[in-house]
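Fold and geometry: a report
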Amino acid sequence: MQRIRTWLCLAALGGGLSLPALAADVVRLGNLKFAHYGAISYMKEIAPKYDLKIEERMFAKGIDIMPAIVAGEVDIAASAADAAVAGRAGGAPIFAVAGFARGGARIVAAKDSGIKSVKDLKGKKVGVARGGAQELLLAAELAKYKLSWSDKPGKDVQVIYMPFADLNQALMGKQIDAMSQSEPQSSQAINKGFGVEVLKPYDTPLGEPIRTLVMTEKMYKERRGVAERLIKCFVEATNTFIKNPKLAEKYVRENMFKNQISADDFQDAISNSPYSYDLSVVHIQTTTDMMQQYGIGKMAKPPKAADWVKLDLLSKAKQDLKVN
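Because the structure is a prediction, the values reported are computed rather than measured. (Residues numbered from 1 in each chain as written. Predicted model: local features only at pLDDT ≥ 70, side-chain atom pairs only at ≥ 80, totals over all residues. Heavy atoms only, no water.)

**Some thoughts on the environment of Val-196**
- Within the secondary structure, Val-196 sits in strand β10 (residues 195-199).
- Taking the C-alpha atoms as reference points, Val-196 and Ser-186, separated by ten residues in sequence, lie 9.1 Å from one another.
- Excluding its chain neighbours within four sequence positions, the residues that come into contact with Val-196 are Ile-107, Val-108, Ala-109, Ala-110 and Ile-190. (Helix = DSSP H or I, 4+ residues; strand = E, 2+ residues; numbered from the N terminus. Contact = heavy atoms within 4.5 Å.)

So, in structure tokens, the structure goes:
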């Protein structure tokens, strides 16, 4: 495509021809509606600078994006690392090309529940969305305190699976005693007074989970020029949000959430899920190993991180844009 553009420009200059504008390259983005996914959404606003048109499609969970990738409907997607690992294990033709946020989770108990630590979850019902980082973090915390769990009664903790969007309502309605929830929903529960923080679950071998930007193998291998421009767009969008937090807040609150979250909700959420760029093979391998250990993702053959974590585009983009 770049060679064609160059040839047409030269031909126009040499022959005095008027040159119609060429259509921007279209990239189909799968995204989620969370505060720390804001810079991913903002990419579409600056995409024309990189001769791109980004078409964004929102999904309920990261794992829900994988069938769309397999069907050829999505080119690049934002998801939790464990959703990406499960997708790759299930045959999704993806490479992990960057990280875009750290953390982004809390274990929150109902007010007046008496739950003050993970060990207090024994005998309780804990809500979580299946297939998100919060499920793996919850499992790691329960294992750390030697608590058993199942979605059926009879174990130390009964896990209740439900969508992210339903967890806060379930906690408020006392259908569950606690939840492992994402941002900004966990901050909202605390700020509205029906939830209290138990902990930010980052004290296991996983540490802070890293949200992962994945790209189809087809784009990485066959649309290399588009892929390079796309990751530059990602780096600039992220750098813009890091350096201009007021813009980040305005965009997320107004464009993504239509003013349904407060300034305090946003600030609390981002303090627990800062925007970032980086990813590592080690982190993805640790995520994979822990998923296998706790039976999350039901992977018959866990993928080796070194085979599908490709960070060369990110490194080049950061170097070109002089971003540390």
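On we go from here.
**Notes on helix α5 (residues 133-144)**
- For α5, spanning twelve residues, the distance from its first C-alpha to its last is 17 Å, which sits close to the expected 16 Å at 1.5 Å a residue.
- For α5, the complete set of buried residues consists of Ala-133, Gln-134, Glu-135, Leu-136, Leu-137, Leu-138, Ala-139, Ala-140, Glu-141 and Leu-142.
- Positive phi appears at Lys-146, one or two residues downstream of α5, with a value of about 55°. (Expected span 1.5 Å × (residues − 1). Buried < 20%, exposed > 50% of the residue type's maximum accessible area, 1.4 Å probe, protein only.)

**Focus on the side chain of Ser-79**
- Positionally, Ser-79 belongs in strand β3 (residues 76-80).
- Once residues lying within four places of it in the same chain are set aside, the contact partners of Ser-79 are Tyr-37, Gly-62, Met-66, Ala-84, Phe-100, Arg-211 and Thr-212.

**Overview of the nonpolar core**
- If you look at the biggest cluster of nonpolar residues, it comprises 85 residues, and the most contacted ones within it are Leu-213, Met-215, Leu-230, Ile-231, Phe-234 and Val-252.
- The element contributing the most residues to this core is helix α9 (residues 224-243), with nine residues.
- Setting aside anything within four residues of it in sequence, one finds Val-252 in contact with Ala-35, Gly-38, Phe-241, Phe-257, Ile-261, Phe-266 and Tyr-275.
- Counting 15 residues, the second-largest nonpolar core is a separate cluster that includes Leu-138, Val-157, Val-159 and Val-198. (Core = buried A, V, L, I, M, F, W, Y, C linked by side-chain atoms within 4.5 Å.)

**Brief notes about unusual backbone geometry**
- Note that the residue after Glu-183, namely Pro-184, is joined by a cis bond; omega there is 10°.
- Mapped onto the fold, Pro-184 is located in the loop between β9 (178-182) and α7 (185-191).
- Of note in this structure, Lys-322 is not a glycine but carries a positive phi near 55°.
- Looking at the element boundaries, Lys-322 is found in the segment after α14 (312-320).

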